[in-house]
Each structure stands twice: as C-alpha cells, then as structure tokens.
Amino acid sequence: MFHPTVIGITEEILADPGYVLSSETSCELVRLSEAHFPDVMACADKIRNRYHKNRIFTCAITNAKSGFCSEDCAFCAQSSHHHTDIHTYPMVSEEYLVESAVSRQREGAVKFGMVTSGYANTAAEMTRICKAAASIGTQTRIGVCASLGMLNESRAAQLKGSGVTRYHHNLETARSHFSAVCTTHDYEEDVETVRIAKNAGLEVCCGGIMGLGESWEQRIELSMTLRELDVDSIPINFLNPVPGTRMGLRTPLSPQEALRCIALFRFMHPQKDIVICGGRGVTLGDFQSWVFMAGANGLMIGNYLTTQGRDTRMDMEMIRAMGLEVHMRR
Ligand code: SF4
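Here the structure is a predicted model, which means the values were calculated and not measured.

Asker: Sorry, what's going on with the packing of aromatic side chains here?
Answerer: For any pair of aromatic rings, geometry is given as the distance between the ring centres together with the angle between the planes. Throughout the structure, instances matching the rule amount to two aromatic pairs. Here Phe178 and Tyr187 contribute two aromatic rings whose centre-to-centre distance is 5.2 Å and whose plane-to-plane angle is 65 degrees, an arrangement assigned as edge-to-face. Residues Phe178 and Tyr187 agree in their burial class; the two are buried. On the basis of an interplanar angle of 80 degrees and a centroid distance of 5.1 Å, the ring pair of Phe287 and Trp290 is categorised as edge-to-face. Judged by relative accessible area, Phe287 falls into the partly exposed class, the value being 34%. We note Arg166 situated over the ring of Phe57; from NZ or CZ to the ring centre the distance is 5.7 Å. Just above the ring of Trp216 sits the side chain of Arg219; from NZ or CZ to the centre is 4.5 Å.

Asker: Would you take a moment to explain the layout of surface pockets for this structure?
Answerer: Where empty space is left can be seen by rolling a probe of water-molecule size over the atoms. Volume-wise, the largest pocket comes out at about 400 Å³. Taken together, the elements giving at least two residues each to the lining of the largest pocket come down to β1 (55-65) and α4 (94-107). Here the lining of the largest pocket takes four residues from β1, the largest share from any one element. Split by residue class, the lining of the largest pocket holds eight nonpolar, ten polar and three charged. Approximately 160 Å³ is the volume found for the second largest pocket. Contributing to the lining of the second largest pocket are 13 residues, with Arg227, Met268, His269, Pro270 and Lys272 lying nearest its centre.

How each quantity is defined
- Residues numbered from 1 in each chain as written.
- Predicted model: local features only at pLDDT ≥ 70, side-chain atom pairs only at ≥ 80, totals over all residues.
- Heavy atoms only, no water.
- Phe/Tyr/Trp six-rings, centres within 6.5 Å; stacked < 30°, edge-to-face > 60°.
- Buried < 20%, exposed > 50% of the residue type's maximum accessible area, 1.4 Å probe, protein only.
- Lys NZ or Arg CZ within 6 Å of the ring centre and 35° of its normal.
- 1 Å grid on protein atoms, 1.4 Å probe; cavity = no way out; pocket = protein on both sides within 12 Å on 5 of 7 lines; lining within 4 Å.
- Points joined across faces, edges and corners; volume = space filled by probe spheres on them.
- Helix = DSSP H or I, 4+ residues; strand = E, 2+ residues; numbered from the N terminus.
- Nonpolar A, V, L, I, M, F, W, Y, C, P; charged D, E, K, R; others polar.

Following this line, the structure appears as structure tokens:
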C-alpha cells in the first residue's frame, strides 16, 4: 500500500504538468520514514516516465582551465585556498577543445561542456572558447555547453552568437547555507549570472551539490530558488570529499539519501531535465542505475573536472539495460 501523501502528490503531478509542489508538501515528502522509500522511488519513476518517456540525455565535460581559482568553495579541489594534488594548467587550445568534443560524441555524449575554473575568464579566453564552440558546431552534432564562471550581458551574447546553447552555472547549495560553503563571493552574484544567461536566450543548467552539510529544508530551499529562476536543467552532484579541501573529511551521503535527493527534485520539477553528475560513483556505488528510477533523465558520462568517472561503455550499457534510450538533441 503506497503512502497516501506520495500517491496523492503523484496523481496531481501526473494529471497536471504545471502542478507546483509547495515547500510545505515537499517537507512532508522528505520526512517520510525509510519504510516509504520504495513508494517515493516508484512514484518518481512514474513522473519521469510521464514527462520524459524512456529518453535519456548524456553529457560530457572537459576541464578547459584547471586550478588557480581565487574562490574558496569548500568542496573544490581547484581553489587556490586548498592544497590538493590535482593537475593544474592554463586554458587549453581551441584544437584540444574541438578534439575533445569529437571524442566525447564518439563515446556517446549528446552534450559537451567546456568548463573553466575561476571567478570569470579574460576576454582572450572567452574568444578562444567561442571559436571552439563555433568549430564544434560545424564538426559535430553535439550540443555545446559552457561553464565559465560569472557572466555579463556582452559575454552571454558572445557565447550565444558562437553556438553555445546551454550555460551551466551551479548555485551549489541553498542561499541560507552558502556562507558555510563559499565566502569569497555572494550568492546573488551566482543568481545574477543565471539571470543574465537566460536573458541572453541561453538554456540554463543550474543545480548544486548534495552532502555539503545542508539540511533537507535547505535542499528544498535550493530547489525552490531553481524554480523561481526557471532553469532548464538541474545537475545534481554529490560531494566526493577531496583530501586537502575544507570538506575533505566529510562522509559521502548514503545511496538511499542520494536517491531521495534526486526524487525530491523530480517531484518538484516534473518537466525539467535532471542530470546526475559528479560524485555518482563514490556515493551510489552499485546503485548507479537507480538514478533513473529516482527520476533522473540525464547522466554525465566520462571524467569529471578533477576526479575520474567510470568507463563510458559501462554507462551506455547501463542505460540500455534499463530499457532507456539516449536521445540525440542539441
Ligand atoms: S567551484 Fe568554481 S569558483 Fe568555486 S573554487 Fe572551484 S573553480 Fe573556483
């Protein structure tokens, strides 16, 4: 017998694509006991299937400029405030970016993101990214995404003009928890960058990291902010504690808590893309295929920014084994 709250919410969402789950009802959902975990999963899966069918999208990223970042994000191995043993380098060449996109497409990615460390990029770096985006657009069928820190209007327009379709910029966590994560810039600067990208006509991919010490209420708060911003895609990352960072000693979330996080975002954003990104392996282990039942319709494949992902063939096989199809789209 399904829990009446879960089944009630699910029926509303399935009947009305515009149904808005309130903060209060979301709290009821996350307060359900572990005994109702299977109900939550089954219903999140139904919602995913109703609005996204069996279509999954895959994205891959390349770290186009690594390390030396002025910001102090507590989870990040690329912050110059931390002492980690990552490989640091200035921006890679345009050719390298194009070759990376071609390889990632061959491996099964339908979206490719160029990601740089740092608060923002110089004009010369932006020009290089934009030239690469234009070349990738002519040489592949992959969707071109970028994650380049803070934007202003002219840079957003420059990216849009070069063929970038989606801008990625995470809020990382709830506004009320941000000061525990980052002190070198303000939450509102991130929000403003998201607004600028949207106003420029870019799709926006914006989410956060679970497991930074936030409460369930703060996960709901983040989710509500993403709804206010009307983001197109919500990347969900899980903390992979990197030694030398301020969060290096934290314990990763349990698989069940991580899956409940995904389900929460699916209930709150029935029609949006929900894509599972960094920390998947270390957090979910043998439960990685469960992300789709929890409501995800997207998967980052390949390596992450500073940590290794698993063999992309395993991920592609996992998608097939779940009866899902990778959907080609720009
Ligand atoms: S998350 Fe981005 S802004 Fe924050 S320290 Fe890492 S590279 Fe810098």
